[in-house]
Amino acid sequence: MLKKLVNEAKFKLTLTTTGPVLIRSGVATSSQGRNPDMAPVQTFRNGQREVFFPGSSLKGVFRSHVEKIGRTLNEPAICNPFDDSFCGKKYQKQEDFASHEAYANSCPVCRLFGSTAFIGRISIGDAYLVNSAQRYPVELRDGVGIDRFTGGAANRAKFDLEAVSSGVAFETTVYIRNFECWQLGMILQVVRDLEDELIRIGSGTSRGLGGVKGAVEKVEISYPGLPQKEAQEVWGLGKFLASQTPNYNTRADDVLTLTAEPPTTPNGIRLTSVYEGEILAELRDKAGQEFVQRIRQWRAL
Ligand SMILES: [Zn+2]
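The structure presented is a predicted model; accordingly, all values stated were derived computationally and were not measured.

Novice: Just give me the short version of the overall build of the chain, but keep the residues and values in it.
Specialist: Of the regular secondary structure elements, the chain holds 7 helices and 14 strands. Looking at the chain as a whole, 35% of its 301 residues are labelled buried. Long-range pairs, those at least 24 residues apart, make up 71% of the contacts in the chain with a sequence separation of at least 6.

Novice: Provide a residue-level description of the pairing of strand β1 (residues 8-17), including the pertinent values.
Specialist: Side chains A9, F11, L13, L15 and T17 project from β1 onto a buried face, and the interleaved E8, K10, K12, T14 and T16 project onto a face without burial. Pairing analysis gives 4 bridges linking β1 to strand β9 (residues 212-215), with the strands arranged antiparallel. Residue pairing in the sheet places L15 in a bridge with G214 of β9.

Novice: Would you mind going over the environment of T72 in detail, with residue names and values included?
Specialist: Tracing the backbone through its elements, the reader meets T72 in helix α1 (residues 55-74). Spatially, the C-alpha atom of T72 lies 9.6 Å from that of R296, the residues being 224 residues apart in sequence.

Novice: Explain the nonpolar core to me, and be specific about the residues and the numbers.
Specialist: The tendency in soluble globular proteins is for nonpolar side chains to be buried side by side. With 73 residues, the main nonpolar core has V21 and L184 as its most contacted residues. In terms of residue count, helix α5 (residues 181-195) provides more of this core than any other element does, 8 residues in total. Ignoring any residue separated from it by four or fewer positions in sequence, one finds V21 in contact with A163, V164, I201, G202, L209, G210, G211 and V212.

Novice: A description of the packing of α5 against helix α7 (residues 277-297) should follow, citing residues and the corresponding values.
Specialist: When two helices pack together, their arrangement is captured by the angle between the axes and the distance separating the axes. Look at α5 against α7: their axes get within 7 Å of each other, and the N-to-C directions meet at 110°. Compared by their axis directions, α5 and α7 come out roughly perpendicular. Between α5 and α7, the residues in contact are C181, W182, L184, G185, M186, L188, Q189 and R192 and R284, A287, G288, E290, F291 and R294, respectively. Among the residues making up the contact of α5 with α7, the classes are represented as 7 nonpolar, 3 polar and 4 charged.

Novice: I'd love a proper account of α1, names of residues and values included.
Specialist: For α1, spanning 20 residues, the distance from its first C-alpha to its last is 28 Å, which sits close to the expected 28 Å at 1.5 Å a residue. For α1, the full list of buried residues reads L58, V61, F62, V66 and G70. For α1, the angular spread of the buried residues around the axis is 165°, confining them to a single face. Pointing more than 90 degrees away from the buried face of α1 are the exposed residues S56 and K68.

Novice: Hey, could you go over the packing of α1 against α7 for me, with residue numbers and the actual values?
Specialist: One way to put it is that α1 packs onto α7 with a least axis distance of 8 Å and a crossing angle of 60°. Of the possible angle classes, the one that applies to α1 and α7 is oblique. In the crossing of α1 with α7, the sense of the turn from one axis to the other is right-handed. Taking contact as the criterion, the partners of G70, L73 and N74 in α1 are, on α7, V292, I295 and R296. Looking at the contact of α1 with α7 residue by residue, the class counts come to 3 nonpolar, 2 polar and 1 charged.

Novice: I'd like a description of unusual backbone geometry, backed by residues and values.
Specialist: A positive phi is found at N46, a non-glycine position, where the angle reads about 50°. Assignment of secondary structure puts N46 in the loop between β2 (42-45) and β3 (48-51). The backbone of L226 shows a phi angle near 45°, a positive value even though the residue is not glycine. Inspection of the secondary structure puts L226 in the loop between β10 (218-224) and β11 (233-235). By C-beta crowding, L226 is classed as exposed, having 12 other C-beta atoms within 10 Å.

Novice: Could you give an account of the environment of Q42, naming the residues involved and the relevant values?
Specialist: Mapped onto the elements of the fold, Q42 is located in strand β2. Accessibility expressed as a C-beta count within 10 Å gives 16 for Q42, which makes it partly exposed. With 12 residues separating them in the primary sequence, Q42 and P54 have C-alpha atoms 9.0 Å apart.

Novice: Break down α5 for me, with residues and values.
Specialist: In this model, α5 (15 residues) spans 21 Å end to end at C-alpha, consistent with the 21 Å of a helix rising 1.5 Å per residue. Following α5 by one or two positions, E197 adopts a phi angle in the positive range, close to 60°.

Conventions and cut-offs
Residues numbered from 1 in each chain as written. Predicted model: local features only at pLDDT ≥ 70, side-chain atom pairs only at ≥ 80, totals over all residues. Helix = DSSP H or I, 4+ residues; strand = E, 2+ residues; numbered from the N terminus. Buried ≥ 20, exposed ≤ 12 C-beta atoms within 10 Å, placed from the backbone. Contact = placed C-beta atoms within 7 Å. Pairing = 2+ DSSP bridges. Core = buried A, V, L, I, M, F, W, Y, C linked by C-beta atoms within 7 Å. Axes fitted to C-alpha atoms, helices over the stretch in contact; angles between N-to-C directions. Parallel < 35°, antiparallel > 145°, perpendicular 65-115°, else oblique. Nonpolar A, V, L, I, M, F, W, Y, C, P; charged D, E, K, R; others polar. Expected span 1.5 Å × (residues − 1). Arc of directions from axis to C-beta. Left-handed = near helix turned anticlockwise from the far one by under 90°.

Now the structure itself:
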């Protein structure tokens, strides 16, 4: 899949818990002298143990939310990773298909998140505590009634779990490389839904756990190779591939044109634009419209 990097969008995402959140550790590590049946996943940072949200879990949250939105807009266009419609199933044998062909024929979600056929182009880092003065901000919860997601503990009378407390902020960085404009819209829609507290994360979400509120202040888009573009334009992958073969099934008119110019600076061999405030709002609107339009028109699998 396209060896060269043509564009990259990057933003810091803050997630603040609005209630107890439990992204489980494989082993419930004892803490604060307690011995809960379940505890949040932890890591060592700067020599001390602290709670965090693994990037792989967050990526799973993004993917499943995007699948949900995609199915709402155009159900037959979105594959199901758990059955034979999964795009990765069609292209399991890498040698059978050139990766441009796998990309061209993958559903909108696999195009960005990847499948077994090719690596995805979104990456989400681990989310660490914004304020690490308190490294283990957890509360003990009575787990009675949440046996549905506990498996083995279902038959026990008493069941405790530790969850990250409400009001704790975590921060991570999200990168999307070689993106099409509608894919930027797709991810910014997830951000909007996180801001609106429509997405829960971790275990026990149907039992009231997992509430978070997202926030993104600015988005940076950079273009290695200093393309000759207007400052108010955002160029997607399709624009760069316009005159090229092989065919990735992208669009030559993969450009968003905003009404305002974001601050743009050449940064070595890169051109970097920073979107904040009203310009960011316009970017979100235009990329979001592009996303909705493309998914609605997407052919069925
Ligand atoms: Zn797919």
